[in-house]
Amino acid sequence: AKRVTDVRMLIPVLPGLEQKQLEDLLPKILKQTPNVVKEAFKRILSPYRAGSGTGTGPITPAQLLIALHHIEGKGEDMKGVIAATNLCFAEKTIYTSEVLAIVLTQLLEVTPIPLLYMRSVIQAISMWPRMISFVLNILGKLVTKQIWRQAQVWRGFVKCCAMLGNQAHSLLLTLPASRLKEAFQLHPALHNPLLQYVQSLPAPQKALIDKEVLLLIKSPPPDATLTVQQPINIGQPLPPPPFTPRVQPTTPNLPTTPSTPTKPPTTPLPPVLPPP
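Owing to the predicted nature of the structure, the values given are computational and were not obtained by experimental measurement.

Visitor: When you look at the overall build of the protein chain in this model, what are you seeing that I'm missing?
Guide: A tally of helices and strands in the protein chain yields 17 helices and 0 strands. Relative to its full complement of 276 residues, the protein chain shows a buried share of 39%. Across the protein chain, every contact between residues at least 6 apart in sequence was considered, and the portion connecting residues at least 24 apart equals 66%.

Written as structure tokens, this is what we have:
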């Protein structure tokens, strides 16, 4: 098992190994071809497959998915880790909402939060919509952990809030104003629905909202949305404001005489340039 080439020989006996042995082998398994990886995970999860498994194995489904989230911190190829997590999520009869709740709860205690954490959160609610209340609770804990300090996980957090729609409005109102502004920049479509939600609140509830947050929500969406569109793949950038095309026709005429701002030297120039 010390060499990558040995991994394929071990696949038939994977269910007979110990948990630590399997976890140590995972990085090497992920370097194999997709078919080999798929067969390996089929063997590892076979004890838990309904109708054919014993229900006990060297590593539980939850432990396997948790171990995969830790691999990316060791410099392994992220594509391989993502493909492996997809194999787990494809086993819906094994990765029930209860199993995924265990995984997400335990990973929430890891510092820093694993890079693929929010990806798994989004996959979980896509598979099991009944987990929305559980996920909202997780997102609230991520706010207390100041998740915006981890840029990649923070982008996933904002994307998840956008997916949850009006169910995430109360959560968004708990963000500091500066972070809510960033959320609007990352996903401009969050702004108007949140504004409508705040406007619909009774006056006593509205009075509980931080004044800075309330002012930000009532303001137009920040123009900075256009400056962050390159590293972000979430949503579409806002179209340019309607008044920009009118400004453009006047700008080409301005730089034609930038070096002669005074009137006396400019008197001989008009005959030289043809009329527009």
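Visitor: Looking at this structure, how should I read the nonpolar core?
Guide: Residues Phe41, Tyr117, Leu139, Leu142 and Phe157 are the most contacted members of the largest nonpolar core, which totals 84 residues. The contacts of Leu139, once residues within four sequence positions are left out, are Met118, Phe157, Cys160, Cys161, Leu164 and Leu171.

Visitor: Sorry, what's going on with the pattern of salt bridges here?
Guide: Two side chains of opposite charge can pair, provided their charged atoms sit close to one another. Throughout the structure, instances matching the rule amount to 4 salt bridges. Note that Arg43 is salt-bridged to Glu39, the shortest N-O span being 3.0 Å. Of this pair, Arg43 and Glu39 are both found in helix 3 (residues 34–45), 4 residues apart, which corresponds to roughly one turn of the helix. Take Arg43: its relative accessible area is 32%, and that puts it in the partly exposed class. With a shortest N-O distance of 2.7 Å, Glu91 and Arg49 are connected by a salt bridge.

Visitor: Whenever I open this one, the environment of Ala50 confuses me. Can you help?
Guide: Following the sequence through the fold, Ala50 ends up in the loop between helix 3 and helix 4 (61–71). By relative accessible area, Ala50 is classed as exposed at 65%. The spatial distance from the C-alpha of Ala50 to the C-alpha of Thr93 is 7.4 Å, given a sequence separation of 43 residues.

Visitor: What should I look at first to understand the packing of aromatic side chains in this one?
Guide: The geometry of an aromatic ring pair is captured by the separation of the ring centres together with the interplanar angle, meaning the angle of the planes. In this structure the tally under the stated criterion is 2 aromatic pairs. Where Trp148 meets Trp154, the ring centres are 6.0 Å apart and the plane angle is 85 degrees; that geometry is what we call edge-to-face. Each member of the pair, Trp148 as well as Trp154, carries the same accessibility label: buried. The interplanar angle of 20 degrees and the centroid separation of 5.5 Å between the aromatic rings of Trp154 and Phe157 together place this pair among those described as stacked. One end of the pair is Trp154 and the other is Phe157, both in helix 9 (residues 151–164) and 3 residues apart, which spans about a single turn. Exposure class is identical for Trp154 and Phe157. Each is buried. Each member of the aromatic cluster is reached from another via a ring pair, and the members are Trp148, Trp154 and Phe157. When the ring centre of Trp128 is taken as origin, the NZ or CZ atom of Lys92, which lies over that ring, is 4.6 Å away.

How each quantity is defined
- Residues numbered from 1 in each chain as written.
- Predicted model: local features only at pLDDT ≥ 70, side-chain atom pairs only at ≥ 80, totals over all residues.
- Heavy atoms only, no water.
- Helix = DSSP H or I, 4+ residues; strand = E, 2+ residues; numbered from the N terminus.
- Buried < 20%, exposed > 50% of the residue type's maximum accessible area, 1.4 Å probe, protein only.
- Contact = heavy atoms within 4.5 Å.
- Core = buried A, V, L, I, M, F, W, Y, C linked by side-chain atoms within 4.5 Å.
- Salt bridge = Lys/Arg side-chain N within 4 Å of Asp/Glu carboxyl O.
- Phe/Tyr/Trp six-rings, centres within 6.5 Å; stacked < 30°, edge-to-face > 60°.
- Lys NZ or Arg CZ within 6 Å of the ring centre and 35° of its normal.

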